[in-house]
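# Coordinate analysis (summary)
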Amino acid sequence: MPPSELTRSQIERLEGMYGNRYLLEPAPDHKLPKSGMSAQEALGLVQQETVLDGLPARNLATFVTTWMEPEAEQVIQDALRVNFIDHAEYPQSAEIEQRCIRMLADLFNAPGETTGARTQGSSEAIMLGALSLKWRWRARREAAGKATDRPNLVFGGDVHVVWEKFCRYFDVEPRIVPLAPERYTIGPEDVEPHIDENTIGVAAVLGTTFTGHADDIPGINDLLVSLRNERGLDVPLHVDAASGGFVWPFLYSHSEWDFRLEQVRSINVSGHKFGLVYPGIGWLVFRETADLPEDLVFYENYLGKRDATFTLNFSTGSAMVLAQYYNFARLGHAGYRYVMETMKYNARTLASEIAAIGEFELIGGEQDEQLPLVAFKLSGEHPYDEFDVAAQLAADHGWMVPAYTLPPNAEHVKIMRVLVKETLGHSLTTALGQDIARACATLDAKGGLHPSNRRRVKTNTGF
C-alpha cells in the first residue's frame, strides 16, 4: 500500500528537523508575526524573497558600484555598528572623513585650505551645495539692501532630477535650459539669457546620465567671469561631478573643469559611483572655507563632544566613509587611472561591437571626453524601437540595459546606454555585443514586442 499523506499537524512537528515554516505560509506582510523564528529561518526567508531581484553584475543601467574586493567588504563589515556622527566615541572615523575631503580637494585642484562634507550620496551633496549658493546670494543681496524673495538657479535639462527637487523644496525658481535633438549638453550661449541679479548660481554637469558627456564648463566659467567683470554679477558655478568627478582626473587630466576655473565654488561627487564604493557615500567639496556660509553649520554637544555638522542627515554608519578611504589607500592615483583606463578600453570594444551590427548610431566618438559607457540609438527604419531591443535583451539573457527618451526639447530622441564598469570585462563586452545583434535579428523576424513585455525595460537614467 502507498504511504498515507502526512497531515498538516505532522508536517508542523517535522519543521524543526527538516523544514522552514515559510515554505507553507506567506511571508510577514501587513503586521508583525505573532512569534519569531530561528536566525537560519529568517536568513532563508530573506534570501528566498530576494531571489527575484536582478543580478547586480548584469545591471548595466546603474552607475552605482556593484562589486568591491573582499578586503574592502571586511572594512565595511567591521564598521557597520559604528554611528559616524558620534565623533566623541569614534574620533578616528571623523579624521578619516577629513582626510578624504582633503584628498578630493587636492584631486580637484583646490587653491588652498578648504572644507566639505561626506553625504549619503550626490543628491544630499547637491542639496547642501545649492543651499550654500542660496545663502551666499542672500547675504550679498542683504548687504546691498536689495530684495531676497525671488532667487533663481540656472541648469540644463541634462541634470539629475535632484536639482529640480532642490528648487521645489527650498523655494528657488528653476531656469532649465532645454536640450536639442543633436545637442545633449549646454554651454555659455544657452546659460546667458537666463542669468540676472537674482541668479544664485549656475549648475553644470560633468558626465551626464544620458550620454556621459560634460557641459561646456570652461565656457560657462568664462561667461560668468565676464558677467562679474562687466556687469557686476558675481554668479558662482557649481559642478555636479556625481559621475565624472572620479573619471576626468584620471582619463582627461588636461581638461579644466574643477577649481582651476575661478568661478567654480563647489563640487559634488559620488563615492558610490566611479569612486568604486558601495552605496551610499557622496562628497561635497568647497573651493575655500568661506564658500560654506557659517549659518549652515550647526554646532552641537549631543554625544559628549562639541562638533560642527553640515548635513541633512544625522545618524549614519561610518562603513562607506572607511571604504572610500580604503580605496584611496589601496588604489592611489595610479590604481584609479588603471581602473578607469580599463573601463574606457572595454567601452571602446563594446562600441565597436555595436557599430559592427549595422543597426545603430553611436552617440559620442573616440575623441570625445565621455564616461566609460556606450550610448547608442537605432538608425534607419525598423519594425521595433530601442525599448523593444532592451526588452528582448532582458528576456533572452537577463541583461538590464536601459532605454529612455531625452528631456525637452529632445524628448522624441530614444537612446540605449550601457555602463561599462569593473564587472563587465572584455569577454562579457563581446558577449553583450553578440546578444544585442541576436536581439535585433529576433525583432526583425517577429516585429516589436507587446507593451506588457516592454514594461520590463529600465527607463530611469539616474542611478
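Note that the coordinates shown come from a computational prediction; the quantities given were computed from them, not determined experimentally.

### Concerning the sheet that holds strand β12 (residues 403-405)
The strand order across the open sheet built from four strands is β10-β11-β13-β12, with neighbouring strands paired in antiparallel fashion. One side of each edge strand has no neighbouring strand; the edge strands of this open sheet are β10 (360-362) and β12. Between one strand axis and the next, the sheet turns through 35° on average, direction left out of account. As judged from the three bridges shared by β12 and strand β13 (residues 414-419), these two strands associate in the antiparallel manner. Bridge pairing links Thr405 to Lys414 in β13. This element, helix α10 (residues 319-357), spans β10, β11 (373-378) and β13 of the sheet and lies at about 15° to β11.

### Re the nonpolar core
By size, the foremost hydrophobic cluster in this structure holds 74 residues, and its most contacted members are Leu104, Ile195, Val202, Trp257 and Phe274. Every residue in contact with Trp257, bar those within four places of it in the chain, is listed here: Phe108, Leu206, Ile217, Val239, Ala241, Gly245, Trp248, Pro249, Val264 and Ile267. Counting 29 residues, the second largest nonpolar core, distinct from the first, contains Leu60, Ala347, Ile354 and Ile436.

### Considering empty space enclosed by the protein
One pass over the full model with this rule turns up two cavities of 30 Å³ or more. Roughly 80 Å³ of volume is contained in the largest cavity. Every residue along the wall of the largest cavity is listed here: Thr65, Thr66, Trp67, Lys273, Phe274, Leu276, Met343, Lys421, Glu422 and Thr423.

### Concerning the packing of aromatic side chains
Tallied over the entire structure, the rule returns twelve aromatic pairs. Centre to centre, the rings of Phe360 and Phe376 are 5.1 Å apart; their planes meet at 90°, and the pair counts as edge-to-face. One end of the pair, Phe360, is in strand β10; the other, Phe376, is in strand β11, with 16 residues separating them in the sequence. Comparing Phe360 with Phe376 shows no difference in burial state: the two are buried.

Rules of the game
Residues numbered from 1 in each chain as written. Predicted model: local features only at pLDDT ≥ 70, side-chain atom pairs only at ≥ 80, totals over all residues. Heavy atoms only, no water. Pairing = 2+ DSSP bridges. Helix = DSSP H or I, 4+ residues; strand = E, 2+ residues; numbered from the N terminus. Axes fitted to C-alpha atoms, helices over the stretch in contact; angles between N-to-C directions. Contact = heavy atoms within 4.5 Å. Core = buried A, V, L, I, M, F, W, Y, C linked by side-chain atoms within 4.5 Å. Buried < 20%, exposed > 50% of the residue type's maximum accessible area, 1.4 Å probe, protein only. 1 Å grid on protein atoms, 1.4 Å probe; cavity = no way out; pocket = protein on both sides within 12 Å on 5 of 7 lines; lining within 4 Å. Points joined across faces, edges and corners; volume = space filled by probe spheres on them. Phe/Tyr/Trp six-rings, centres within 6.5 Å; stacked < 30°, edge-to-face > 60°.

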